[in-house]
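Coordinate analysis (summary)
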Amino acid sequence: MPRKILIDERLKGRPRLETILHECIHVSFPTASEEHVTEAARDISRVLWSLRDESA
């Protein structure tokens, strides 16, 4: 059965992206510490968000 991640619809912009990445990293790397997951999600969201600005 596929896993389901629920994201608060009130989140917008980069915080929403970071939260989605955070939860996906948890699924992909279940033994990773919360600190590592948080840091990775933050770093990846920064890169992706900056690419969004460049493509406009």
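The preceding data block contains the structure.
Residues numbered from 1 in each chain as written. Predicted model: local features only at pLDDT ≥ 70, side-chain atom pairs only at ≥ 80, totals over all residues. Heavy atoms only, no water.

1. Describing the overall build of the protein
A count of helices and strands for the protein gives two helices and zero strands. In terms of principal-axis extent, the alpha carbons of the protein reach across some 35 × 25 × 20 Å. Counting over 56 residues, the protein shows a buried share of 12%. In the protein, the share of contacts with a sequence separation of at least 24, taken over all contacts with a separation of at least 6, comes to 36%. (Helix = DSSP H or I, 4+ residues; strand = E, 2+ residues; numbered from the N terminus. Buried < 20%, exposed > 50% of the residue type's maximum accessible area, 1.4 Å probe, protein only. Contact = heavy atoms within 4.5 Å.)

2. A look at a nonpolar patch on the surface
Together, Ile44, Val47, Leu48 and Leu51 line one region of the surface with nonpolar side chains, adding up to about 320 Å² of accessible area. Among the structural elements, valine 47 can be located in helix 2 (residues 34-54). (Patch = residues over 30% accessible without salt bridge, like charges linked within 9 Å, V, L, I, M, F, W, Y side chains within 5 Å. Areas by Shrake-Rupley, 256 points an atom, 1.4 Å probe, with all protein chains shown as cover. Salt bridge = Lys/Arg side-chain N within 4 Å of Asp/Glu carboxyl O.)

3. Here we look at the pattern of salt bridges
Side-chain pairs of opposite charge can arise whenever the charged atoms involved come near each other. The full count for this structure, using the stated rule, is three salt bridges. Two residues, aspartate 8 and arginine 10, come together in a salt bridge whose shortest N-O distance is 2.6 Å. Classification of arginine 10 by relative accessible area gives exposed; the value is 70%. Residues arginine 46 and aspartate 43 are paired through a salt bridge, measuring 3.9 Å at the closest nitrogen-oxygen approach. Residue arginine 46 and its partner aspartate 43 are located together in helix 2, separated by three residues, close to a single helical turn. Given the relative accessible area of 44%, arginine 46 is considered partly exposed.

4. Quick word on the side chain of serine 45
With respect to the helices and strands, the residue serine 45 is situated in helix 2. Note on serine 45: relative accessible area 0%, which makes it buried. What serine 45 contacts, discounting residues up to four positions off in sequence, is Arg14, Leu17, Glu18 and Leu21.

5. Considering the packing of aromatic side chains
Scanning all chains against the criterion turns up zero aromatic pairs. The cationic tip of arginine 52 hangs over the ring face of tryptophan 49; the distance from NZ or CZ to the ring centre is 3.9 Å. (Phe/Tyr/Trp six-rings, centres within 6.5 Å; stacked < 30°, edge-to-face > 60°. Lys NZ or Arg CZ within 6 Å of the ring centre and 35° of its normal.)

6. Things to note about helix 1 (residues 13-28)
Along its 16 residues, helix 1 runs 23 Å from first to last C-alpha, staying within 8% of the 22 Å computed at 1.5 Å per residue. Listed as buried for helix 1 are Leu21, His22 and Ile25. One face of helix 1 carries all of its buried residues, which in axial projection span an arc of 105°. Contacts from the buried residues of helix 1 go to helix 2. (Expected span 1.5 Å × (residues − 1). Arc of directions from axis to C-beta.)

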